[in-house]
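What the coordinates show
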Amino acid sequence: GTYTKETLGYLKQFAGHVAGFITDVDQKRRDLDEPTVSALDSAEVFKAQIHTKGENASTLIYACAYADFMAIDRDQYEIVAVTGNSMGWYLTLAFGESLDKDGAFHLINTMGSMMKEEVIGGQVIYPLIEENWRLSSQRLREVEAIVQSIRSRPGHEVYDSIYLGGYRVWGANRPGLNALLKELPPIENYPFQLINHAAFHTPLLNETSAKAFARISSNLFEPPQYPLIDGRGHIWQPYSTSAEELYQYTLGHQVVEPYDFSKAITVALKEFIPDAIILLGPGSSLGGATAQILIENEWLGLKEKADFQQRQEKNPFILSMGRPEQRARVVSR
């Protein structure tokens, strides 16, 4: 999920069953002289300049997602695999138990704090789908031509960053960002620059990757207890995973190469045949992108947005814990 104005108070509302965990995270934040997740969540007003900063947003999202993960009714749902998008990979490691609670906090808080002094580049998101949530081949060609033109200019660095269902995210330096925002054809609120986001999953973060290796030890990593699906669609199985390779991927490839959430979900569908996909909060920001991946694969016979909406009304396949009516299907009754 993503912590936004609409999710302010999420911990207060949904984290009562993990009060000890929240207390521990708060103390770790105090020890680092950083605002606690409880204080951030209890603020009277959401302030983008505070709540969306990496050093605050990352740990806030982790705390909310942990509360949701621990609320899943295990008598009703058997978890067969875990995956996530971008920072969600760190949560995947935590919930898949490749990291213990201390290790997960250290990884998430450290990676979220890498841009305290200066945010390197930025990210721009843009839709490649039509209103029915099917890929527009014509728009894809037009957009790729524009991006390639920008890349060819001196001083303009633009890289594919995230493949997000019907959306593409690029990471770029300032000249590249300005050109993308100016030259991509306006569609509703797009192109849109993601607030306080660096150029994640691009070579612009090579130095960040090197710093991460220096600050985070491989000793924190263990083989997972659940299968994990990463940003390449690779499955890390409990009995065949090398903890060292997982560490190298997490702080190396995952930081500086594109993250393919579309492939991760496609692999989850085809390799594990799940009865449902549960989206952890805060909020439900990945619902649309995940649905678009279902449609791209014509999973469950879904061919367009209307098909998905009808399915969700009758027997939802995607269960977003940020939506009250879907949350009620997931948590213990």
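You'll find the structure just up there.
Only a predicted model underlies this, so the values are computations on that prediction, with no experimental measurement involved. (Residues numbered from 1 in each chain as written. Predicted model: local features only at pLDDT ≥ 70, side-chain atom pairs only at ≥ 80, totals over all residues. Heavy atoms only, no water.)

When helices and strands are counted, the protein chain shows 16 helices and ten strands. Summarising its shape, the C-alpha atoms of the protein chain cover approximately 50 × 50 × 45 Å along the three principal directions. The buried share of the protein chain, taken over its 333 residues, is 53%. Contacts spanning at least 24 positions in sequence make up 72% of the contacts within the protein chain whose residues lie at least 6 apart. Of the roughly 15700 Å² of accessible surface on the protein chain, a fraction of 48% belongs to carbon and sulfur atoms. Of the charged side chains in the protein chain, 31 are positive and 41 negative; the average position of the first set lies 4 Å away from that of the second. (Helix = DSSP H or I, 4+ residues; strand = E, 2+ residues; numbered from the N terminus. Buried < 20%, exposed > 50% of the residue type's maximum accessible area, 1.4 Å probe, protein only. Contact = heavy atoms within 4.5 Å. Areas by Shrake-Rupley, 256 points an atom, 1.4 Å probe, with all protein chains shown as cover. Lys, Arg positive; Asp, Glu negative; His and termini not counted. Charge placed at Lys NZ, Arg CZ, Asp CG, Glu CD.)

Read across the open sheet, the three strands follow the order S1-S6-S7; overall the sheet is mixed. Among the strands making up the open sheet, the edge pair consists of strand S1 (82–83) and strand S7 (235–236). The pairing of S1 with strand S6 (residues 228–229) spans two bridges and is classified as parallel. In the sheet register, Thr 83 faces S6, and the bridge partner there is Ile 229. (Pairing = 2+ DSSP bridges.)

With that settled, consider helix H7 (residues 101–112). Between its terminal C-alpha atoms H7 stretches 16 Å, which fits the 16 Å expected from twelve residues at 1.5 Å a residue. Where H7 is concerned, the buried positions are Gly 103, Ala 104, Phe 105, Leu 107, Ile 108, Asn 109, Thr 110, Met 111 and Gly 112. Between a side-chain oxygen at the N-terminus of H7 and the backbone nitrogen of Asp 102 the separation is 3.2 Å; the capping residue is Asp 100. (Expected span 1.5 Å × (residues − 1). Polar contact = N/O pair within 3.5 Å; in protein donor to acceptor, adjacent residues only side chain to side chain.)

Another point: the packing of aromatic side chains. Throughout the structure, instances matching the rule amount to 14 aromatic pairs. Between the aromatic rings of Phe 221 and Tyr 247, the centroid separation amounts to 5.4 Å while the plane-to-plane angle is 70°, which identifies the pairing as edge-to-face. You can see Phe 221 sitting in the loop between helix H10 (206–215) and S6 and its partner Tyr 247 sitting in helix H11 (residues 243–251), a full 26 residues away along the chain. The class for Phe 221 is buried, based on a relative accessible area of 3%. Since its relative accessible area comes to 7%, Tyr 247 is described here as buried. Ring pairing ties together the aromatic residues Phe 21, Tyr 62, Tyr 66, Phe 69 and Phe 95, which thus form one cluster. (Phe/Tyr/Trp six-rings, centres within 6.5 Å; stacked < 30°, edge-to-face > 60°.)

Any functional reading would require information that these geometric values do not contain.
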